[in-house]
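Chains, contacts and geometry: an overview
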Protein chains: 2
Amino acid sequence: MENKKNPTLYDVAQKANVSITTVSNVLNNKNEASQKTIDRVNEAIRQLGYSRNESARTLKVGTSKLVGLIVPDNNPFFTQILTGIHEECQNHDWQVVVATSEESEKRQNEVIEMLSARQVSGIILASVTSKLYVPEKLQKVPIVLIDREVENANLPVVKANNVEGSYKATETLIQNGHRRIGIILASPGISTTLQRKEGYIQALKRYGIEVDEKLMFYGGDYTGTKTQINGGYQAVMKMIQLPEPPTAIFATNHLLMIGAVKALKEANLKIPDEISFIGFDDHPWQEITDPPFSIISQPAVEMGRQAIQALQKFKEKNIVTTTVLQLELITRNSYRSIT
Amino acid sequence: MENKKNPTLYDVAQKANVSITTVSNVLNNKNEASQKTIDRVNEAIRQLGYSRNESARTLKVGTSKLVGLIVPDNNPFFTQILTGIHEECQNHDWQVVVATSEESEKRQNEVIEMLSARQVSGIILASVTSKLYVPEKLQKVPIVLIDREVENANLPVVKANNVEGSYKATETLIQNGHRRIGIILASPGISTTLQRKEGYIQALKRYGIEVDEKLMFYGGDYTGTKTQINGGYQAVMKMIQLPEPPTAIFATNHLLMIGAVKALKEANLKIPDEISFIGFDDHPWQEITDPPFSIISQPAVEMGRQAIQALQKFKEKNIVTTTVLQLELITRNSYRSIT
DNA sequence: CTGAAAGCGCTTACAG
DNA sequence: CTGAAAGCGCTTACAG
């Protein structure tokens with residue numbers, strides 16, 4: 001690679017015949033220079049093709065224009081969150097460094113530390129743990145929790161109303177006459193799982209239906225695409241061999257849903273004629289399947305946007321906000337009434 | 001937020017009773033200290049919870065442990081690339097800042113400049129333009145092209161063999177007796193589109209089939225998920241109204257494919273009985289559709305990995321590599337023989 | 001409205 | 001094997 005040195009503030013100052021203080025001032029729109037000076041400086045910047053060394057700025061002011069996003073993996077849901085974060089970050093001239101924790105607490109802590117060592121403006125975290133142990137020395141970097149809550153931290157949260165979303169799905173199935181409803185849940189260690197389970201149970205109780213543990217399945221640990229798809233698959237395979245199998249199934253995330261449908265196909269159980277089905281997370285392909293799937297849809301992009309806004313409030317005014325976004329049931333054609 | 005100051009090299013040096021030079025040396029594994037000193041320093045680091053200020057390091061050495069990834073949008077293909085990049089970056093202790101160009105050349109240049117101002121180790125770029133204009137001042141930051149080539153730059157490239165992949169799909173349809181094969185292409189401005197078109201034409205010529213411009217469609221500009229899905233949709237709608245409609249369709253990316261299938265469903269044309277179909281990019285859901293889709297599969301994760309390796313070779317040895325990965329036809333059940 | 005100077009926290013010749 | 005010192009490129013009181 002070439003190695004011509006970048007022009008610095010000094011070069012600009014020299015060219016514009018001012019001090020570096022002045023150059024810095026116009027660079028930061030401090031409005032402390034005459035228009036004539038400003039013009040002269042800008043012209044020098046243009047001519048030299050100067051751009052500010054961000055590391056030097058960060059070192060001096062103690063915070064970079066970087067925000068960290070830590071997600072368990074790169075699944076489509078988190079990718080949509082990233083899109084929302086990107087949108088919102090443009091307003092702040094922030095850039096985002098994305099890291100995966102791979103569902104490992106150790107890795108998550110490492111990554112938090114690395115980001116902190118970069119003086120990021122903040123971290124948006126979808127935590128792998130339901131308790132967050134943030135070492136004291138990292139308390140300085142503002143963290144906003146996204147999607148998943150943690151118990152022991154007084155941090156801003158942006159999350160979906162999982163209880164209600166799950167309630168809605170379950171209730172809809174009940175209102176269609178289903179009384180044995182199987183639910184496939186993700187890893188029991190995270191808040192979203194607990195809440196989706198809660199909504200399911202609330203709906204059953206509300207309609208006087210006995211909660212049957214045998215109808216509740218966990219799709220195994222949350223570790224990668226294939227594992228989860230397989231988790232959904234196995235859950236259905238077990239479910240349909242029950243003495244009293246369910247007439248409807250609710251899969252509480254996108255990958256579990258794919259696995260579940262796969263199993264139903266193999267078992268040759270037709271949706272919705274022989275079994276009703278509701279999935280999770282909307283994706284374009286769900287419109288083109290046979291049948292098109294009904295799902296609980298999450299406003300993932302909006303969650304990303306809100307997270308950055310929450311971060312900003314946290315940083316600037318030290319306000320800890322909790323943002324709860326609504327989940328929507330999109331009805332297509334994967335469940336039917338059996339009354 | 002709290003504001004307790006972070007411990008610095010000085011604090012560590014003081015605690016360990018050595019100079020900061022020595023601390024820096026053990027931090028960088030320079031192996032210039034006695035074991036006793038090393039232990040003492042490490043103990044001090046542990047006790048203080050010290051972690052190095054990366055901005056200061058970057059300012060001094062001129063390059064950060066950051067690599068930039070610039071993609072047109074956050075679609076699943078690029079997300080898989082990100083996964084590969086993440087995997088490989090862990091070996092180098094690099095982190096990755098992800099930025100989207102939103103298919104805008106202006107934005108792409110801005111982003112390159114911002115990353116450069118951060119002293120990134122390198123940039124992995126899926127360029128929006130087929131010609132890359134990189135201002136002179138940015139020549140210092142090593143760029144590796146991914147997926148999409150550009151004409152006028154002598155940069156490392158990691159790409160798929162699009163010509164061959166497209167040839168394979170087309171040939172397979174021909175061998176199944178199809179002679180009127182519709183192709184749906186993405187934006188004409190990018191190399192992948194040109195190459196996929198080229199493979200299609202080569203296959204037709206090889207089998208003595210006339211190339212009919214009326215069977216070649218562009219899914220509109222490459223601008224966002226909905227636009228592209230709609231592009232695929234429109235293409236099929238026009239195609240099937242042709243006096244001599246195709247008996248097979250090849251959609252050359254994932255979103256175009258979804259739109260195309262949507263249109264075929266609406267038109268009530270059954271795949272594969274009434275029309276044969278091959279799509280692009282493998283995703284788990286494609287196994288659970290009716291029928292399961294045959295597609296050309298891209299090794300996206302591997303592309304990400306290779307890009308980082310290419311970057312490394314470029315930086316360390318100044319070697320400009322071109323890595324071409326093979327595309328695979330995965331046959332499920334979406335085309336049939338009409339001979 | 002403008003400038004001289006200190007200092008952010010590191011790394012790296014250089015000297016011993 | 002270890003340390004004193006310069007300097008990376010900025011920002012920011014402070015003085016005028």
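Before any of the text, the structure's been laid out above.
What counts as what
- All residue numbers refer to position in the chain's written sequence, counted from 1.
- Working convention: letters from A go to chains and numbers from 1 go to ligands, in the order in which they are written.
- Given that this is a predicted model, residues contribute local features only at a pLDDT of at least 70 and side-chain atom pairs are listed and counted only at 80 or more, while totals for whole chains, interfaces and linings are drawn from all residues.
- Each side-chain value is derived from all of the structure's non-hydrogen atoms; neither hydrogens nor water enter the calculation.
- With a 1.4 Å probe rolled over the protein chains alone, any residue whose accessible area is under 20% of its type maximum counts as buried; one over 50% counts as exposed, and the rest are partly exposed.
- For the purposes of this entry, the term helix denotes a DSSP run of H or I that reaches at least four residues, the term strand denotes a run of E that reaches at least two, and both are numbered from the N terminus.
- By this definition, two strands are paired if DSSP reports at least two bridges between them.
- When the strands point away from the viewer and the path from the first strand over the helix to the second turns clockwise, the crossover is right-handed.
- Only Phe, Tyr and Trp rings are paired, with Trp represented by its six-membered ring, and only when their centres lie within 6.5 Å; those with planes under 30 degrees apart are stacked, over 60 edge-to-face, the remainder tilted.
- The rule is short: NZ of Lys or CZ of Arg within 6 Å of the ring centre and within 35 degrees of the ring normal puts a charge over the ring.
- Here, two residues are considered to be in contact whenever any of their heavy atoms come within 4.5 Å of each other.
- Here, axes are lines fitted to C-alpha atoms. For helices the fit covers the stretch in contact, and angles between N-to-C directions go from 0 to 180 degrees.
- In this description, the arc belongs to the directions extending from the helix axis to the C-beta atoms.
- Oblique is the label for any angle not covered by the other classes, which are roughly parallel (under 35 degrees), roughly antiparallel (over 145) and roughly perpendicular (65 to 115).
- Left-handed describes a crossing whose near helix is turned anticlockwise from the far helix through less than a right angle; right-handed describes the clockwise counterpart.

**Here's the deal with the pairing of strand S9 (residues 276–280) of chain A**
All names here are of chain A. Burial analysis of S9 places five of its five residues in the buried class, which makes it a mostly covered element. Side chains Ser-276, Ile-278 and Phe-280 of S9 all project onto a buried face; the interleaved residues Phe-277 and Gly-279 project onto the opposite face, where all are buried too. Alignment of strand S8 (residues 248–251) against S9, held across three bridges, turns out to be parallel. Bridge pairing in S9 places Ala-248 opposite Ser-276. Each parallel crossover has a hand, and the one from S8 via helix H10 (residues 254–266) to S9 is right-handed. Taken together, the two bridges between S9 and strand S10 (residues 295–297) define a ladder with parallel strand orientation. Looking at S10, one finds that Gly-279 is bridged to Ile-295.

**What to know about the packing of aromatic side chains**
The full count for this structure, using the stated rule, is nine aromatic pairs over all chains. One residue, A:Arg206, lies across the ring of A:Tyr207, its end atom 4.8 Å from the ring centre.

**What to know about the environment of B:Trp285**
Along the chain, B:Trp285 falls in the loop between strand S9 (276–280) and strand S10 (295–297). Of the residues examined, B:Trp285 reaches a relative accessible area of 3% and is grouped as buried. What B:Trp285 contacts, discounting residues up to four positions off in sequence, is A:Ile258, A:Trp285, A:Ile288, B:His254, B:Met257, B:Ile258 and B:Phe293.

**Details of the sheet that holds strand S4 (residues 143–146) of chain A**
An order of S11(A)-S5(A)-S4(A)-S3(A)-S1(A)-S2(A)-S2(B)-S1(B)-S3(B)-S4(B)-S5(B)-S11(B) is seen for the twelve strands of this open sheet, with the pairing classed as mixed. The sheet is open, and its two borders are formed by strand S11 (322–325) of chain A together with strand S11 (322–325) of chain B, each paired with just one other strand. The mean angle between the axes of side-by-side strands here comes to 20°, regardless of whether they run parallel or antiparallel. Strand direction decides the pairing type here: strand S3 (residues 122–125) of chain B and strand S4 (residues 143–146) of chain B, joined by three bridges, are parallel. Bridge pairing in S4(B) places B:Leu125 opposite B:Leu145. Sitting on the sheet, helix H11 (residues 300–317) of chain A is in contact with strand S1 (66–71), strand S3 (122–125), S4, strand S5 (157–160) and S11 of chain A, with an inclination near 155° to S4(A).

**Section: helix H1 (residues 9–16) of chain A**
All names here are of chain A. Taken residue by residue, H1 has Val-12, Ala-13 and Ala-16 as its buried positions. Viewed end-on, H1 has its buried residues packed into an arc of 100°, placing them on one side of the element. Exposed side chains of H1 directed beyond 90 degrees from the buried face belong to Tyr-10 and Gln-14. Looking at the buried side of H1, the elements it contacts are helix H2 (20–27) and helix H3 (35–48). Just downstream of H1, Asn-17 is the residue with a positive phi angle, here 60°.

**Quick notes on the packing of helix H7 (residues 162–175) of chain B against helix H8 (residues 191–206) of chain B**
All names here are of chain B. Look at H7 against H8: their axes get within 7 Å of each other, and the N-to-C directions meet at 40°. It follows from the interaxial angle that H7 and H8 lie oblique. Relative to H8, the crossing made by H7 is right-handed. Residues Asn-162, Val-163, Ser-166, Tyr-167, Thr-170, Glu-171 and Ile-174 of H7 form the contact with H8, whose participating residues are Thr-192, Gln-195, Arg-196, Glu-198, Gly-199, Tyr-200, Gln-202, Ala-203, Leu-204 and Arg-206.

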